[in-house]
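Letter by letter, the chains look like this.
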Amino acid sequence: MERFYTCSCFFSDNIFLEEYKLHVRFVSENQFRKDYQNILRSLGCVSESQFRDVLGKIHAEIERRQHYALKSAERAATIKEIYTPLHQHVYYLQESFLDPEFLQLVKYCTSTDATMEGLMNLIQTEAVPRVFRFPVFRKEFCKDFIEELEHFEQSDAPKGRPNTMNNYGILLNELGFDESFITPLREVYLHPLTALLYSDCGGSCLDSHKAFVVKYAMREDLDLSYHYDNAEVTLNVSLGKDFTEGNLFFGDMRQVPLSETECVEVKHHVTEGLLHRGQHMHGALPISSGTRWNLIIWMRASREMNKLCPMCGLISVSS
Ligand SMILES: O=C(O)CCC(=O)C(=O)O
Ligand SMILES: [Fe+2]
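Residues numbered from 1 in each chain as written. Chains lettered and ligands numbered in written order. Predicted model: local features only at pLDDT ≥ 70, side-chain atom pairs only at ≥ 80, totals over all residues. Heavy atoms only, no water.

Q: What am I meant to see in the layout of surface pockets here?
A: A probe matching the size of a water molecule, rolled over the atoms, marks out where space remains unfilled. Considering only enclosed or pocket space, the second largest pocket measures out at about 290 Å³ in volume. Lining the second largest pocket are 13 residues, with Glu232, Gln255, Gln279, Leu308 and Pro310 sitting closest to its centre. A class-by-class count of the residues in the lining of the second largest pocket yields 6 nonpolar, 3 polar and 4 charged. (1 Å grid on protein atoms, 1.4 Å probe; cavity = no way out; pocket = protein on both sides within 12 Å on 5 of 7 lines; lining within 4 Å. Points joined across faces, edges and corners; volume = space filled by probe spheres on them. Nonpolar A, V, L, I, M, F, W, Y, C, P; charged D, E, K, R; others polar.)

Q: Is there a simple way to explain the domain arrangement of the protein in this structure?
A: Assigned domains of the protein: these are domain 1 (1–66) and domain 2 (83–305). If you average the C-alpha positions of domain 1 and of domain 2, the two centres end up 27 Å apart. (Domains from an automatic or database assignment.)

Q: Just checking my understanding: could you explain the UniProt feature "domain: Fe2OG dioxygenase" (unreviewed entry) in the protein for this structure?
A: Under the local residue numbering, the UniProt record ascribes the feature "domain: Fe2OG dioxygenase" (unreviewed entry) to residues 207–301. Within residues 207–301, the helical portion is 0% and the strand portion 62%, while the C-alpha atoms at the span's ends are 5 Å from each other. (UniProt positions renumbered as here; feature names shortened; annotations may be inferred. Helix = DSSP H or I, 4+ residues; strand = E, 2+ residues; numbered from the N terminus.)

Q: Quick question: what am I supposed to make of the site of ligand 1 here?
A: Close to ligand 1 lie 15 residues; Tyr216, Asn236, His268, His282 and Arg292 are nearest. His268 has a polar side-chain atom sitting 2.9 Å from an oxygen atom of ligand 1. Within the side chain of His282, one N or O atom sits 3.0 Å away from an oxygen atom of ligand 1. Bound to the protein, ligand 1 loses 99% of the 290 Å² it would expose on its own. If you map ligand 1 onto the pockets, it falls in the largest cavity. Looking at the shell around ligand 1, the elements with two or more residues in it are β6 (208–217), β7 (224–227), β13 (280–284) and β14 (287–300). Per element, the largest residue contribution to the shell around ligand 1 is 4 residues, and it comes from β14. Per-class residue counts for the shell around ligand 1 are 8 nonpolar, 5 polar and 2 charged. (Near = heavy atom within 4 Å. Polar contact = N/O pair within 3.5 Å; in protein donor to acceptor, adjacent residues only side chain to side chain. Areas by Shrake-Rupley, 256 points an atom, 1.4 Å probe, with all protein chains shown as cover. Sits in = over half its atoms within 2 Å of the grid points.)

Q: What is the right way to look at the coordination of the iron ion (ligand 2) in this model?
A: Ideal geometry at a metal centre gives angles of 109.5 degrees when four donors are arranged tetrahedrally and 90 or 180 degrees when six donors are arranged octahedrally. Protein-derived coordination of the iron ion (ligand 2) comes from His227 (NE2), Asp229 (OD) and His282 (NE2), at a distance range of 2.1 Å. Look at where the donors of the iron ion (ligand 2) fall in the sequence and you get H-x1-D-x52-H. A residue pair is termed long-range when its members are at least 10 positions apart, and His227 in strand β7 and His282 in strand β13 qualify at 55 residues. For His227, a relative accessible area of 6% translates into the label buried. (Donors = N, O, S within 2.8 Å, 3.2 Å for Na, K, Ca; no water. Buried < 20%, exposed > 50% of the residue type's maximum accessible area, 1.4 Å probe, protein only.)

As structure tokens, this is what we get:
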């Protein structure tokens, strides 16, 4: 796959402290104390030993990031060697997996006279600006896909975490979904839509992705803190199974402080996807029963990233 671009901020920024629900930047201990000691204190991190514990977690996370590429490649190789899929067919994208309404939208977008206004007339808009909803998969595919994910989860194969905020979930590239599934889904089906809807923020030149599934269940993660994605455009598809609550909520773009933001909830409907800008801040509310699996595709445009990194907002330095 095309390289998923990494800015040097990956090794210092956006480190999530789960106990305090806080994203921090760490360059040195002095800088960190100066920037965060007071706010951490107000969040209950009062003793020196609690502070040391935070520093330990930060160092572990930076180390995890430094070894990430190698470890991920090792996991992918081991999975290939020891894991036998339950449903081999779900690894190869076929048009029959996709909802006919989605195929119609794609067809419209690839016609020569397609316009953004024309597409907006065909697509469901949400109460939140520039968040769009459309059916993506057919039900049968969602069922088989979740069965495959559960089968993998229960296997002895090694598992990486999708990101610092999710303790559960599966990295789809490690499982072997990239070339045969996610790349064609992005290039052939999603790109025509994003090119019309988000041409001002990289949607017409998306050229890499990171795809994973997140899972929320009663004795596991229940929700997801407010954040922005490492992406220009994100697709979030609800796969099932049965769950209650667990709505997504959107605030403003990341440049706007939370105190000036009013969040709006958006429901997940199984088989349907929500498309949004990666820099549009959002989070997931707790589920109140059941298990909720979502496919998340963070899509990136190297052309945009070469100007500004979506994570630190500075000129990207490749690493
Ligand atoms: O669980 C969800 O619906 C949101 C997931 C998400 O925003 C992410 O993983 O970036
Ligand atoms: Fe997200």
